[in-house]
Amino acid sequence: MRAPIAGPETPQTPYPVHLRGVVSKGFGRGSKELGIPTANLPDEVAEHAGKTLETGIYFGWAGVGRDQAVYPMVMSFGWNPFYKNEKRSAEVHIIHTFPADFYGEELRVTVLGYIRPELNYTTLEALIEDINTDIRVAIKSLERPAYAAYKTHAFITSTPATSA
Ligand code: ADP
Ligand code: RBF
Ligand code: MG
């Protein structure tokens, strides 16, 4: 059994952690194999985040391109032991159904808390089940007023002037 909510009542240092970058192509495993697409932040952004964040699974808010809409997100930050990646990656699953892919657009992310460490799994089904729990935990965790407040923060709502 996993806890239904993550972190304290208000975000603590180092949160909020703001990340921004153009969405790049990954291995295409997120949506194809898992049914859970993850937009990749650029390598330099993942490297920069590594100075502040441990590897693990995080929750927060996300926005894409020139759209001012802000959605809950879960982020996997690390080495993806299940796939034995050699590079540390920052992959964001936005909890929203988009009409189309958004490669090449700007992704803005406000990380507000840590959910759990990255784990290795014996089956893909076990990984998917844990990700679905992460999604529920993120939604519930973000409902708290001190977390909800960041949904309208200047960082996440300020879209690029020209299409990124
Ligand atoms: P890749 O290996 O290229 O990251 P994925 O299978 O993980 O491929 O799919 C990620 C892509 O799917 C994103 O870059 C984005 O363009 C698109 N996408 C569509 N809906 C979402 C969503 N809700 N969250 C994240 N990415 C999404
Ligand atoms: N990969 C792992 O190997 N271990 C994990 O514990 C893990 N947790 C994840 C949690 C979330 C919320 C998301 C979106 C992804 C997670 N992944 C994990 C990464 C998954 O393997 C990744 O999306 C695929 O490698 C596709 O790029
Ligand atoms: Mg992906």
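Residues numbered from 1 in each chain as written. Chains lettered and ligands numbered in written order. Predicted model: local features only at pLDDT ≥ 70, side-chain atom pairs only at ≥ 80, totals over all residues. Heavy atoms only, no water.

Per an unreviewed UniProt entry, the chain carries the name Riboflavin kinase and comes from Polyrhizophydium stewartii. Under Pathway (unreviewed entry), UniProt gives the following word-for-word description of the chain: "Cofactor biosynthesis; FMN biosynthesis; FMN from riboflavin (ATP route): step 1/1." In its Function (unreviewed entry) section, UniProt records this for the chain: "Catalyzes the phosphorylation of riboflavin (vitamin B2) to form flavin mononucleotide (FMN) coenzyme." (UniProt positions renumbered as here; feature names shortened; annotations may be inferred.)

Asker: So what's going on with the side chain of Arg144? Which residues, and what values?
Answerer: Structurally, Arg144 can be placed in the loop between helix H3 (124–142) and helix H4 (145–148). There is no salt bridge for the buried Arg144, and the closest opposite charge comes from Glu9, which lies 4.3 Å off by N-O distance. Within the structure, Arg144 has its side chain in polar contact with the backbone oxygen of Ala6 (distance 2.6 Å). If we skip the residues at most four places from it in the chain, Arg144 touches Ile5, Ala6, Gly7, Pro8, Glu9 and Phe59. (Helix = DSSP H or I, 4+ residues; strand = E, 2+ residues; numbered from the N terminus. Buried < 20%, exposed > 50% of the residue type's maximum accessible area, 1.4 Å probe, protein only. Lys, Arg positive; Asp, Glu negative; His and termini not counted. Salt bridge = Lys/Arg side-chain N within 4 Å of Asp/Glu carboxyl O. Polar contact = N/O pair within 3.5 Å; in protein donor to acceptor, adjacent residues only side chain to side chain. Contact = heavy atoms within 4.5 Å.)

Asker: Account for the pattern of salt bridges, with residues named and values stated.
Answerer: Side chains bearing opposite charge may pair, as long as their charged atoms lie close to each other. For the coordinates displayed, the defined rule picks out six salt bridges. The shortest N-O distance in the salt bridge between Glu106 and Arg108 comes to 2.7 Å. Of the charged contacts, one joins Glu143 and Lys140 as a salt bridge, the two residues approaching to 3.9 Å between their closest N and O atoms. Members of the salt-bridge network, linked through shared partners, are Arg2, Arg116, Asp130 and Asp134.

Asker: Describe H3, with residues and values.
Answerer: Taking 1.5 Å per residue as the helical rise, H3 with its 19 residues ought to reach 27 Å, and the 27 Å between its terminal C-alpha atoms agrees with that figure. Taken together, the buried positions of H3 are Leu124, Leu127, Asp130, Ile131, Thr133, Asp134, Ile135, Val137, Ala138, Ser141 and Leu142. (Expected span 1.5 Å × (residues − 1).)

Asker: How would you sum up the pairing of strand S4 (residues 71–78)? Please name residues and give values.
Answerer: The element S4 is extensively covered by neighbouring structure, given that eight of its eight residues are classed as buried. Here strand S3 (residues 56–64) pairs with S4 via seven bridges, running antiparallel. Looking at S4, one finds that Phe59 is bridged to Val74. A loop of six residues connects S3 with S4, the two strands running antiparallel in sequence, and Gly65 in this loop sits at a positive phi of about 55°. Here six bridges tie S4 to strand S5 (residues 89–94), and the two strands are oriented antiparallel to one another. Each bridged residue has a counterpart across the sheet, and for Met73 the counterpart in S5 is Ile94. (Pairing = 2+ DSSP bridges.)

Asker: Run through the sheet that holds strand S6 (residues 106–116), naming residues and quoting values.
Answerer: Spatially, the six strands line up as an open sheet ordered S1-S6-S3-S4-S5-S2, and their pairing is antiparallel. Either end of the sheet is taken by a strand with one partner, and the two such strands are strand S1 (17–22) and strand S2 (39–40). Against the sheet, H3 contacts S3, S4, S5 and S6, and its axis sits at roughly 65° relative to S3. (Axes fitted to C-alpha atoms, helices over the stretch in contact; angles between N-to-C directions.)

Asker: Describe the environment of Val109, naming the residues involved and giving the relevant values.
Answerer: Relative to the helices and strands, Val109 resides in strand S6. Here Val109 falls in the buried class, since its relative accessible area comes to 0%. Along the primary structure Val109 and Glu9 are separated by 100 residues, whereas in three dimensions their C-alpha atoms are 20 Å apart. Every residue in contact with Val109, bar those within four places of it in the chain, is listed here: Val17, His18, Leu19, Trp61, Ala62, Met73, Val92, Phe155 and Ile156.

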